[in-house]
Amino acid sequence: RRGPPDGGWGWMIVAGCFLVTICTRAVTRCVSIFFVEFQAYFGQDYARTAWIHSIVDCATMLCAPLGSLISNHVSCQVGIMLGGLLASTGLILSSFATSLEHLYLSLGVLTGLGFALCYSPAIAMVGKYFNKRKALAYGIAMSGSGIGTFILAPVVQLLIEQFSWRGALLILGGFVLNLCVCGALMRPISLKEDCKTAPEFLEQNYVSETEKQDLKRMSICSPLIKLWPHERLCYCSWKEYDFLLMPGFMVLAVSILFMAYGCSPLFVYLVPYALSVGVSHHQAAFLMSILGVIDIIGNITFGWLTDRRCLKKHRYFCYLFAVGMDGLCCLFLPVLQSFPLLVPFSFTFGYFDGAYVTLIPVMTADVVGTSLLSSALGVVYFLHAIPYLVSPPVAGWLVDTTGSYTASFLLCGFSMIFSSALLCFARLAKKIKRTRLQSLTGTTALKQRIWTNGAIAYSVTAELDQRDVEVLAVDTNSYSNR
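Residues numbered from 1 in each chain as written. Predicted model: local features only at pLDDT ≥ 70, side-chain atom pairs only at ≥ 80, totals over all residues. Heavy atoms only, no water.

In the annotation of an unreviewed UniProt entry, the protein is listed under the name Monocarboxylate transporter 12 and assigned to Cisticola juncidis. Note on the protein: under the UniProt heading Subcellular location (unreviewed entry), the record states "Basolateral cell membrane". (UniProt positions renumbered as here; feature names shortened; annotations may be inferred.)

What follows is the structure in structure tokens.
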């Protein structure tokens, strides 16, 4: 196929990804509702209890490249079905936990690993089926996280009240088995961009003529290549991850580290914070529901808006704005100490959270291209792992030490604002460099016109200062590589 179909079975892929985000991200968010129950049952402090949510988030993101690897070299369907079985097993085993350490392994590691095998492959598959309406498709698919949170938050609270936290985890274990159904929907698609040949690879002497002909007909990283010798596999692996050295991807990666650190503790501590300022249990759970449903609106409306012609070229700055606004919300949270004040916070934070989450895979595709999107998303979500692991326990330690949530929320806010500012400065530096390059190119063209005499054109290269020539060559190569 020449390009993405932008419809057809692609909408079933969107539906499958929508269900995947419900069963992974929404369920992960609802782990925070168990926070108070775990703390009371096991008699532990904030920091130790917060490790449960940290580990499941960290395992989901840390193992994201493994999900991409299975998707690329085996099958997206196999990866998601296997992940569904692992996640369900982890939740069911968690219902029999006798200690926090048991929950670290079952609910944290095993369930997180299962979610990792499902999440990034499903998201990457949407990018393969859509191009013109990519942001809208991602908005609908990623809205599963918000819709799932809106529905599951009160349901989980009700299940805890009716069946205790053990019964609630057991029921959630059966619910996430729906990931296996989602995996069955992920029909593979072969695009022209995926089947590009590698000229430098074909020129190598160790590749036979038969293998060269095979390579021309298949993707450079086809599963069939696993039968080839080691040096050819090394080349294939390098081509699959050579985007790691792209300057644009490096800046995006550093920014994501700070963004992930800032956004994670809020979902862990919003309910405990609300309870600490006198909000009832049902109202605190309702705050999570509000955050979830507004997250949906942010997913879909921001995806639709950034697909419009007027904003399509400005997706980068839309992402910066959304991340920065979430950071500002965190800075103001410590002064919001009643339910009527926390409701607007949930509206604002939820909307912009949904907005930038929708644009993460879109921006990644813009930087690396569709053919490398699965591998790139694996790395992007891998970068979420360490901040997701560290930030909730650090926030919990600050709460235990200071006796207040203020320091924790301020640290989250400044981290997200720094993430936004970093990308902004990187874009400004790139624009300044591009302007300089255009200026140098214009000067060269002017000198060539001056030194042209009728049919005889004199080369001005030798007349240019050697330093100018070197600067021009370096800038031109850097710009073309980007």
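Back to the write-up after that little detour.
Peer 1: I'm lost on the environment of Thr402 in this one. Help?
Peer 2: Structurally, Thr402 is set in helix 18 (residues 385-402). Take Thr402: its relative accessible area is 46%, and that puts it in the partly exposed class. There is a polar contact of 2.6 Å between the side chain of Thr402 and the backbone oxygen of Leu398. Reaching out from Thr402, the side chain makes a polar contact with the backbone oxygen of Ser404 at a distance of 3.0 Å. (Helix = DSSP H or I, 4+ residues; strand = E, 2+ residues; numbered from the N terminus. Buried < 20%, exposed > 50% of the residue type's maximum accessible area, 1.4 Å probe, protein only. Polar contact = N/O pair within 3.5 Å; in protein donor to acceptor, adjacent residues only side chain to side chain.)

Peer 1: Is there a simple way to think about the pattern of salt bridges in this case?
Peer 2: For side chains of opposite charge, pairing can occur when their charged atoms come near one another. According to the stated counting rule, one finds four salt bridges in the structure shown. Asp57 is the partner of Arg25 in a salt bridge, and the nearest nitrogen-oxygen pair spans 3.0 Å. A residue pair is termed long-range when its members are at least 10 positions apart, and Arg25 in helix 1 (residues 10-30) and Asp57 in helix 3 (residues 46-62) qualify at 32 residues. Each member of the pair, Arg25 as well as Asp57, carries the same accessibility label: buried. A salt bridge links Arg48 to Glu101; the shortest N-O distance between them is 3.0 Å. Of this pair, Arg48 sits in helix 3 while Glu101 sits in helix 6 (residues 100-129), and the two are 53 residues apart along the sequence. Classification of Glu101 as partly exposed rests on a relative accessible area of 40%. (Salt bridge = Lys/Arg side-chain N within 4 Å of Asp/Glu carboxyl O.)

Peer 1: Would you mind showing me how to read the nonpolar core here?
Peer 2: The tendency in soluble globular proteins is for nonpolar side chains to be buried side by side. Phe34, Phe38, Val126, Met259, Tyr319, Tyr356 and Tyr381 are the most contacted members of the largest nonpolar core, which totals 124 residues. When residues of this core are assigned to their parent elements, the largest contribution, 15 residues, is made by helix 12 (residues 247-276). In this structure, Tyr356 is in contact with Met259, Cys263, Tyr319, Ala322, Val323, Asp326 and Met416, ignoring residues within four places of it in sequence. (Core = buried A, V, L, I, M, F, W, Y, C linked by side-chain atoms within 4.5 Å. Contact = heavy atoms within 4.5 Å.)

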